[in-house]
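Examination of the molecular architecture
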Amino acid sequence: MATAAPTEAGKRTAAPTDRLPAALKLGWATGAFGVALLMNGIAGLILLFSASVLKIDPWLAGLVIFLAKLIDVVTDPAVGFWSDRHKSPRGRRRPFLFWGAFMASASFAMIFTAPSFENQYVTAFYIFAALTFYAIAYTVYNIPYMAMPAEMTDSYHERSSIHAYRMVFISLGGMVAGAGVKFVLDYLGATDPSSWRVVGIVCAVMILVSMLIAYFSTASARFTAPEADSDKSKLDQLRGEFSAVLGNRHFVRLIGVKFTQLMGVQTMGAGLAYFFVQYLERDFQALGWFFLVVSISTIIFAPLLVRFSKAYGKKAAYYIAAGVNILYALSWSMAEPGEPTWAIVLRASVVGIAFGGNVIMAMSMLTDIINQDAGQTGVRREGAFTALYSFVEKLTGAIGPLIVGVALTWVGFNKDLPFDVPQGDNVNTALLLAVSWLPAFFYLIAVWLLSGYNLTEDEINSDKKTASGATT
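Our subject in this report is the structure included herewith. Computed from a predicted structure; not experimentally measured. (Residues numbered from 1 in each chain as written. Predicted model: local features only at pLDDT ≥ 70, side-chain atom pairs only at ≥ 80, totals over all residues. Heavy atoms only, no water.)

**Structural notes on the overall build of the protein**
Helix and strand counts for the protein stand at 16 helices and zero strands. In summary, the protein has a C-alpha radius of gyration of 22 Å against a globular reference of 23 Å for 472 residues, a match within 12%. Each of the three principal axes of the protein carries a C-alpha extent, and together these read 70 × 45 × 35 Å. Taken across its 472 residues, the protein has 58% of its residues classed as buried. Surface exposure of the protein reaches about 18,200 Å², of which carbon and sulfur atoms provide 67%. If you average the places of the 35 positive and of the 32 negative side-chain charges in the protein, the two averages end up 7 Å apart. (Helix = DSSP H or I, 4+ residues; strand = E, 2+ residues; numbered from the N terminus. Rg over C-alpha atoms; globule rule 2.2 N^0.38 Å. Buried < 20%, exposed > 50% of the residue type's maximum accessible area, 1.4 Å probe, protein only. Areas by Shrake-Rupley, 256 points an atom, 1.4 Å probe, with all protein chains shown as cover. Lys, Arg positive; Asp, Glu negative; His and termini not counted. Charge placed at Lys NZ, Arg CZ, Asp CG, Glu CD.)

Structure, rendered in structure tokens:
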């Protein structure tokens, strides 16, 4: 398929590049702080906030979260396709970052300043509307944002480096969402709706600032020209685009790994706050310290994992991260009420290996696949690849809370009690299933699927040479 002749700006910015300026990587990665705060803040708190603060039945809260995510079936491919073909002197992706930043920050504030109506179904409808807006906002920003590295560099290892920068800001955003928010809620009163409103507004401002920094700091980033207009209808183009993506065996394998892996992450994330206060009988402060150490650990291990991947391969680094994830999940099955802080911190200190490896290696492999596909076909499909990847991420984020919400309702969880009042063995068993046994099972499947991933640097470089020879 022919590609469009690049504009003068496109010619200038589309030149091959192996090294990116540190300032550019740092600026782009800053946006990950807002993305992580947005996603982790909502994913880690929405079930607890809906059920125990807004007093929505857990099963209904889980269902609302799940249904709101179904909008992504439409929006993810639409935004991916749109950003692949968008024409702008600012590049195909950056305009989406600007408007997505405002939408994303507004959605966070809408959720955590939610009113509690007398009828729980009215409250649930408000949360559904706010979560739907959040899903659209997240898509508008994150899919073009995550597509940018594939355009910014041609280097196999530089793609790991730029995602290592991103990992630092993901960790910082996760630290605010996991530790900072927990400390603030513990100080202001975790059961007081006004405390959640403060968190919602302050975090919304932080999300907006970090996302806009990424927009303004990538003005000099390389971008590629959109594909030439086709005689086919937009719908036929969309079908062809995603058919080609789903026909990529390396991508399908990677998506399988990420789906199973994220099922474990999201199920654990949905139940972890309840697990700490119900099963471990600890407070939000202990949970805050846990997330603080996780963030520090991730920042420390991110560059070490990149070095390891350069020496031994991305797949080997991914194996280590996945293996640590399994052991970490199983370790919660040995925890007891009143679990000492040192044991909680010890677990948190190794999660950085698992978290960093899972994010950095998976995203680096995704950009490898995107560039290999472009080398083979001559077509740039960053948006399409990233849209399907992002959809899997958000789908698991919907299924996790649904599983936990239904399980808590099934065992008789009482939403009218303060959420830090222990509710007995049945609730504890459901939480242990969500936080330990199910995640470990999913992580094992992910390792098995990872064993079949075999895209190498030599194969990518061979495709580049073939494509280059075909065009000369």
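**Some words on the nonpolar core**
Counting 135 residues, the largest nonpolar core has Leu-131, Phe-275, Phe-276, Phe-290 and Trp-332 as its most contacted members. Looking at which element gives the most residues to this core, the answer is helix 2 (residues 22-53), with 18 residues. (Core = buried A, V, L, I, M, F, W, Y, C linked by side-chain atoms within 4.5 Å.)

**Description of the packing of aromatic side chains**
For the coordinates displayed, the defined rule picks out 24 aromatic pairs. Taking the centre distance of 4.9 Å and the plane angle of 50 degrees together, the rings of Phe-108 and Phe-112 count as tilted. Separated by four residues within a single helix, Phe-108 and Phe-112 lie in helix 5 (residues 94-112), roughly one turn from each other. Here a set of aromatic residues connected by ring pairs shows up, and it is made of Phe-275, Phe-276, Tyr-279, Phe-290, Phe-291, Tyr-328 and Trp-332. Between the NZ or CZ atom of Arg-94 and the centre of the ring of Tyr-215, over which it lies, the distance is 4.4 Å. (Phe/Tyr/Trp six-rings, centres within 6.5 Å; stacked < 30°, edge-to-face > 60°. Lys NZ or Arg CZ within 6 Å of the ring centre and 35° of its normal.)

**Details of empty space enclosed by the protein**
Following the criterion strictly, the structure yields three cavities of 30 Å³ or more and no others. By volume, the largest cavity amounts to about 1,000 Å³. Taken together, 47 residues make up the lining of the largest cavity; nearest its centre are Met-39, Asn-40, Val-265, Gln-266 and Phe-355. Where the lining of the largest cavity is concerned, the elements lending two or more residues are helix 2, helix 6 (120-152), helix 7 (158-188), helix 10 (249-279), helix 11 (284-312), helix 12 (314-331), helix 13 (341-377) and helix 14 (382-410). (1 Å grid on protein atoms, 1.4 Å probe; cavity = no way out; pocket = protein on both sides within 12 Å on 5 of 7 lines; lining within 4 Å. Points joined across faces, edges and corners; volume = space filled by probe spheres on them.)

**Some words on the layout of surface pockets**
Using a probe with the size of a water molecule, rolled over the atoms, empty space left in the structure can be pinpointed. In this structure, the second largest pocket spans a volume of roughly 280 Å³. Together, 15 residues line the second largest pocket, and Ser-161, Ala-164, Tyr-165, Pro-303 and Val-306 are the ones closest to its centre. At the level of elements, helix 7 and helix 11 are the ones that each hand at least two residues to the lining of the second largest pocket. Across the lining of the second largest pocket, the residue classes break down as eight nonpolar, three polar and four charged. (Nonpolar A, V, L, I, M, F, W, Y, C, P; charged D, E, K, R; others polar.)

**Some remarks on the side chain of Ser-297**
Structurally, Ser-297 is set in helix 11. There is a polar contact of 3.2 Å between the side chain of Ser-297 and the backbone nitrogen of Gly-352. Ignoring sequence-local partners within four residues, the contact set of Ser-297 consists of Ala-348, Ser-349, Val-350, Val-351, Gly-352 and Ile-353. (Polar contact = N/O pair within 3.5 Å; in protein donor to acceptor, adjacent residues only side chain to side chain. Contact = heavy atoms within 4.5 Å.)

**Things to note about helix 8 (residues 193-217)**
The terminal C-alpha atoms of helix 8 lie 37 Å apart, and with 25 residues this matches the ideal 36 Å at 1.5 Å per residue to within 8%. Within helix 8, burial applies to Ser-195, Trp-196, Val-199, Gly-200, Cys-203, Ala-204, Ile-207, Ser-210, Met-211, Leu-212, Ala-214 and Tyr-215. Where helix 8 is buried, its residues touch helix 2, helix 5, helix 6 and helix 7. (Expected span 1.5 Å × (residues − 1).)

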